[in-house]
Structure formats: C-alpha cells, structure tokens
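What follows is each chain in one-letter form.
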Amino acid sequence: KIINISSTSGVAGNPGQVNYSAAKLGIVGLTKTMAKEWGRFGINVNSVAYGFIETRLTQDKEQEESADIGEGREVAIGIPKAMRDAGISMIPLGRPGTPKDAAGPVLFLASPLSDYVSGVCVLVTGGSYC
C-alpha cells in the first residue's frame, strides 16, 4: 500500500500558495494514476489531504516561534491570531484537527480494512471542503 500526503490547498487552492497548491494537486493526480497503473500488481495507492491540523506551522504567530532557514536567517512560524481564529470559525466541526485526528485516516488506509480502496484522496478537514 502506498499513501501519499496532500493538502486541501491542492484540491481547493489557497491564495499566495500557487507553488504549494500545484504540488499538492500533483500528488492527487499521481495517486490516481498510480492506482490505475499499479492495481494489477495488487498495490493500493491513496492519498490524504489535510485541512487545518494543529502543528507548529498553524500555531498562533504571537507565540513568536521561529525556524532557522540557514545562513543565520530565521523565519517566523505560525498564523496571525485574527486569521487563525477566522479559519477555525469556518470549520464545521468547530476546531482544528489534532495530530491524532490526522493519523487515523492513514492508519485506516494502511490497514486491511481498506483492501478494496484505491485511487482516492481522503479529505481530513473537519467538514471543510466537502
């Protein structure tokens, strides 16, 4: 079984992220094509596209965490609070996903429970992008 990781930016687009969105949609296309080509060998190929999952990159930017990007340069990590709160308010389940929420669909796709599932992109979004 092959499980590729994508993003809702790939299936719905995201302003300011044309390169990221194109790459993530490419993963969906790769998944669907590989499922058609490799199914005859008994290989299931699926992808998971995540929405808002709680990570360092989606935390409140006011926490002032940064990441070293090399050569002594750092970049701020996170999302401005007002933008983050607005994004969360649009999630039908009313909260961002947790890392545990994100792991569940991957576990399902890796398990025998999904032996007849191939070529799909599972949206893990709390109801967004339905």
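(A) Quick peek at the pattern of salt bridges. Under the defined criterion, the tally for this structure stands at five salt bridges. Residue D85 pairs with K81 through a salt bridge whose shortest N-O separation is 2.9 Å. One end of the pair is D85 and the other is K81, both in helix α3 (residues 81–89) and four residues apart, which spans about a single turn. With a closest N to O distance of 2.7 Å, D101 and R95 form a salt bridge. Judged by relative accessible area, D101 falls into the partly exposed class, the value being 30%. On the accessibility criterion, R95 (40% relative accessible area) is partly exposed.

(B) Region of interest: helix α4 (residues 99–110). Here α4 is 12 residues long and its end C-alpha atoms lie 17 Å apart, about the 16 Å a rise of 1.5 Å per residue gives. Turning to α4, its buried residues are A102, P105 and L109. All buried residues of α4 project into a common sector of 65° when viewed along the axis, lining one side. Facing away from the buried side of α4, by more than 90 degrees, are the exposed residues P99, K100 and L107. If you follow the buried residues of α4, they end up packed against β1 (2–7), β2 (45–50) and β5 (121–124).

Calculation criteria
Residues numbered from 1 in each chain as written. Predicted model: local features only at pLDDT ≥ 70, side-chain atom pairs only at ≥ 80, totals over all residues. Heavy atoms only, no water. Salt bridge = Lys/Arg side-chain N within 4 Å of Asp/Glu carboxyl O. Helix = DSSP H or I, 4+ residues; strand = E, 2+ residues; numbered from the N terminus. Buried < 20%, exposed > 50% of the residue type's maximum accessible area, 1.4 Å probe, protein only. Expected span 1.5 Å × (residues − 1). Arc of directions from axis to C-beta. Contact = heavy atoms within 4.5 Å.

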